[in-house]
Amino acid sequence: MTATNGEPAAGADATNDGRAPRRGAAGAAANDTVAAVVRQWRTVHPGLDTGPMEVIGRINRCAALLQQAEDAPLRRAGLSRPEFDLLGALRRTGHELTPGDVARETFSSGAAVTKRLKQLTERGLVERRVDTRDRRVAHVRLTDAGRDLVDGILPEQLAYETAVLSTLAPEGQGELAGLLAELLSRLEGLSGAPRA
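A.B. asks: Is there a simple way to think about helix α7 (residues 144-165) in this case?
C.D. replies: The periodicity of an α-helix, 3.6 residues per turn, causes residues three or four places apart in sequence to face the same way. For α7, spanning 22 residues, the distance from its first C-alpha to its last is 32 Å, which sits close to the expected 32 Å at 1.5 Å a residue. At Ile153, α7 shows its largest kink, close to 30°, and the proline Pro155 lies no more than four residues downstream. Taken residue by residue, α7 has Gly146, Val150, Ile153, Gln157 and Tyr160 as its buried positions. Lining the buried residues of α7 we find α2 (51-68), α3 (73-76), α4 (81-93) and β2 (138-142).

A.B. asks: Honestly, a nonpolar patch on the surface in this entry has me stumped. Any pointers?
C.D. replies: A contiguous nonpolar surface patch, about 880 Å² in accessible area, is contributed by Val55, Ile56, Ile59, Leu66, Val164, Leu165, Leu168, Leu176, Leu180, Leu183, Leu187 and Leu190. Within the residue set of the nonpolar patch, elements represented by two or more residues are α2, α7 and α8 (170-189). Inspection of the secondary structure puts Val55 in helix α2.

A.B. asks: Got a minute to help me understand the pattern of salt bridges in this structure?
C.D. replies: Side-chain pairs of opposite charge can arise where the charged atoms are in close proximity. In total, this model carries 13 salt bridges according to the counting rule given. The partner of Glu127 in a salt bridge is Arg141, with the nearest N and O atoms 2.8 Å apart. Highlighted residues: Glu127 in strand β1 (residues 126-130) and Arg141 in strand β2, separated in sequence by 14 residues. By relative accessible area, Arg141 is classed as partly exposed at 36%. Of the charged contacts in the structure, one is a salt bridge between Arg136 and Asp134, with a shortest N-O distance of 3.0 Å. Connected through shared salt-bridge partners, Glu96, Glu127, Arg129 and Arg141 make up one network.

Rules used throughout
Each chain carries its own residue numbering, running from 1 in the direction its sequence is written. Confidence filtering applies because this is a predicted model: local features only for residues at pLDDT of at least 70, side-chain atom pairs given and counted only at 80 or more, and all residues used for totals across whole chains, interfaces and linings. The side-chain values count all of the structure's non-hydrogen atoms but skip hydrogen atoms and water molecules. The helix and strand labels rest on DSSP assignments: H or I over at least four residues marks a helix, E over at least two residues marks a strand, and numbering proceeds from the N terminus. Multiplying 1.5 Å by the helix residue count minus one yields the expected span of that helix. Working definition for bend: take the seven residues up to and ending at a residue and the seven starting at it, fit an axis to each, and measure the angle between the axes. Exposure is judged per residue with a 1.4 Å probe applied to protein chains only, and the accessible area is read against the type maximum: over 50% gives exposed, under 20% gives buried, and values in between give partly exposed. Pairs of residues are marked as contacts when any of their non-hydrogen atoms sit within 4.5 Å. For patch building, the residue pool is restricted to those with more than 30% relative accessible area and no salt bridge; the joining distance is 9 Å between like charges and 5 Å between nonpolar side chains (Val, Leu, Ile, Met, Phe, Trp, Tyr). To be clear on the numbers: accessible area is Shrake-Rupley with a 1.4 Å probe, and residue cover counts the displayed protein chains and nothing else. Here, a salt bridge means any Lys or Arg side-chain nitrogen found within 4 Å of an Asp or Glu carboxyl oxygen.

Structure, rendered in structure tokens:
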């Protein structure tokens, strides 16, 4: 991680400049891995603004932990989140998609989609067919096994995510969703935004 803030990290101890640690909405100083990283950066570069790290670092850390969680339904099914997003795009749109369509639906690069399609085809979850009018164009659809997997795992995954979020009050969840939606909308509007 890189740092950028002169403000103390959420959960950081008071520094030699006399400022007290910032506290979260619950009133307790943050005591997570990002707070520790921020404290370390403030020791090395006390004049830098670590504010962005406190947000982006936590988003990235939460995403990684959710992806790696052994008890998550997606993990038990042997699926990554990007693979499930691909299957979900085919299920929710309800029709065949070209690989380019899949890339747009999942905000992924063409190379990443090609790799995921190959893996999911080998597992019998999706199938490809060549366009009868243009053999350069492929169409992708869920197999029966793929559709059954998505339909079976989605309620489990949503229940798991509900349990994960239950540590936040409902109003906190709504506020967080709104803030993330605002950030995501801004990022999606930037040209050349990176794709997974």
